[in-house]
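# Fold and geometry: a report
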Amino acid sequence: MIPTREEWQRTLTERHGEELQKKLSGATVAICGLGGLGSNIAVSLARVGIGKLILIDFDMVDITNLHRQQYKAEQIGMSKTDALAQNLSEIAPYLEIEQHNVKVTTDNIVGLLHNADIICEAFDRPEEKSMLVDCVFEMLSDKYLVSGSGMAGLGSANLIKTRKLTSHFILCGDEISDISDGMGLVCSRVMLCAAHQAHAVIRIIAGEKDF
Amino acid sequence: MVKINGEFLPVDGKTLAEYLETTSFDPVIIAVERNEEIVPKSAYNKVILKDGDILEIVSFVGGG
């Protein structure tokens, strides 16, 4: 049986403390791209009790996603936004979810992201990562942006790191391992980078300034 | 001198766009941080590098 909203909130508060849980429950986080990074970031943030997630992706769940992304075999063919919303609702039934089954472009970015406190960049292609950083700091400069770059292959887990580039821009990854360098993405290493990004989000919400 | 990715370079007076042209950085896949602010791409040809500036240029790689 699913616990009541009050039980749920009380349990989270016991874990995280009242002050932090209040901040987490009041936060809105947007996730741009729901692949290996985005789907894993979303699961961490849902579990920690973030109030609202804005999920953005234009793609459908494919068999080639299942080795690293938080989807199920039976969800192949569903939109990633629908599939992830379904999975997150099972994990955290009181999470508020806003879904956008669209491609992020320079034209729709402000409309999609203006309600977010923190934006996670979780795209595949470097051009899109760069475009998002550019648009956020040009048009939404009061937001925090947490980006991921460099998590492909079988390199050491310890090379994945979190780096603060400005007060509002945090970069996670090893910054080197490119998907085109040979071996593709391996679940555990992508999850490491996603965990760095999710953890950076939580630390920003908690008011940490040092990274 | 301008400190770029940890290295001191005599590029003061150049615009950011002029400096980038002398490097292998591809403007389409980078983010430039200058004195703790992100420089928008639309300003690359307006920002003039000054003595004492500190820049970090990040080149994104694929995968997500």
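Residues numbered from 1 in each chain as written. Chains lettered and ligands numbered in written order. Predicted model: local features only at pLDDT ≥ 70, side-chain atom pairs only at ≥ 80, totals over all residues. Heavy atoms only, no water.

### A short note on helix α7 (residues 187–206) of chain A
Residue and element names in this part refer to chain A. Over its 20 residues, α7 extends 28 Å from the first C-alpha to the last, a length consistent with the 28 Å expected when each residue adds 1.5 Å. Among the residues of α7, R189, V190, C193, A194, Q197, A198, A200, V201, I202, I204 and I205 are the ones counted as buried. The inward-facing, buried residues of α7 abut α2 (18–25), β1 (28–32), α3 (36–48), β4 (118–121), β5 (144–148) and β7 (169–173). One or two steps after α7, the chain reaches G207, where phi turns positive at roughly 95 degrees. (Helix = DSSP H or I, 4+ residues; strand = E, 2+ residues; numbered from the N terminus. Expected span 1.5 Å × (residues − 1). Buried < 20%, exposed > 50% of the residue type's maximum accessible area, 1.4 Å probe, protein only. Contact = heavy atoms within 4.5 Å.)

### Here we look at the environment of C187 of chain A
Residues and elements named next belong to chain A. Here C187 lies in helix α7. Separated by 102 residues in the primary sequence, C187 and A85 have C-alpha atoms spaced 20 Å apart. Discounting residues that sit within four places of it in the chain, C187 has contacts with H67 and R68.

### Quick notes on the interface of chain B and chain A
Opposite the 21 residues of chain B that make contact, chain A presents 29 residues. Carbon and sulfur atoms make up 63% of the area that chain B and chain A hide from each other, which totals about 1,900 Å². Taken as a group, F60, V61 and G64 of chain B account for 36% of the area that chain B buries against chain A, more than any other trio of residues on that side. Taken together, the connections running from chain B to chain A amount to one salt bridge. One salt bridge in this structure joins E56 of chain B and R163 of chain A, with 3.1 Å as the shortest N-O distance. Summed over the shared surface of chain B and chain A, the result is 13 residue pairs in polar contact (both at pLDDT 80 or more). Among the elements of the structure, β3 (30–34), β4 (37–39) and β5 (54–59) of chain B are those that each provide at least two residues to the side of chain B that touches chain A. A breakdown of the residues in the side of chain B that touches chain A according to their chemical character gives eleven nonpolar, five polar and five charged. (Buried area = accessible area lost by both parts, 1.4 Å probe. Salt bridge = Lys/Arg side-chain N within 4 Å of Asp/Glu carboxyl O. Polar contact = N/O pair within 3.5 Å; in protein donor to acceptor, adjacent residues only side chain to side chain. Nonpolar A, V, L, I, M, F, W, Y, C, P; charged D, E, K, R; others polar.)

### Looking at the packing of helix α1 (residues 5–16) of chain A against α2 of chain A
Residue and element names in this part refer to chain A. Interaxial distance between α1 and α2 falls to 7 Å at its minimum, and their mutual angle equals 125 degrees. The orientation of α1 relative to α2 falls into the category oblique. For the crossing formed where α1 meets α2, the hand is right-handed. From α1, Q9, L12, T13 and H16 reach across to α2, where they touch E18, L20, Q21, L24 and S25. Residues that form the contact of α1 with α2 fall into these classes: three nonpolar, five polar and one charged. (Axes fitted to C-alpha atoms, helices over the stretch in contact; angles between N-to-C directions. Parallel < 35°, antiparallel > 145°, perpendicular 65-115°, else oblique. Left-handed = near helix turned anticlockwise from the far one by under 90°.)

### Focus: the side chain of T15 of chain B
With respect to the helices and strands, the residue T15 of chain B is situated in the loop between β2 (7–9) and α1 (16–21). Other than its neighbours up to four places away in sequence, T15 of chain B contacts Y44, N45, V47, I48 and L49 of chain B.

### Regarding the sheet that holds β1 of chain A
In a beta sheet, neighbouring strands pair by backbone hydrogen bonds and run either parallel or antiparallel. Residue and element names in this part refer to chain A. Sheet architecture is open: seven strands sit in the order β3-β2-β1-β4-β5-β7-β6, paired in mixed fashion. Because the sheet does not close on itself, it has two edges, and the strands there are β3 (96–100) and β6 (161–166). Strand-to-strand twist across the sheet, computed as the mean angle between neighbouring axes with direction ignored, equals 20 degrees. In this structure, β6 lies alongside β7, joined through five bridges in antiparallel fashion. Its bridge partner lying in β7, K161 is registered against G173. Sitting on the sheet, α7 is in contact with β1, β4, β5, β6 and β7, with an inclination near 165 degrees to β5. (Pairing = 2+ DSSP bridges.)

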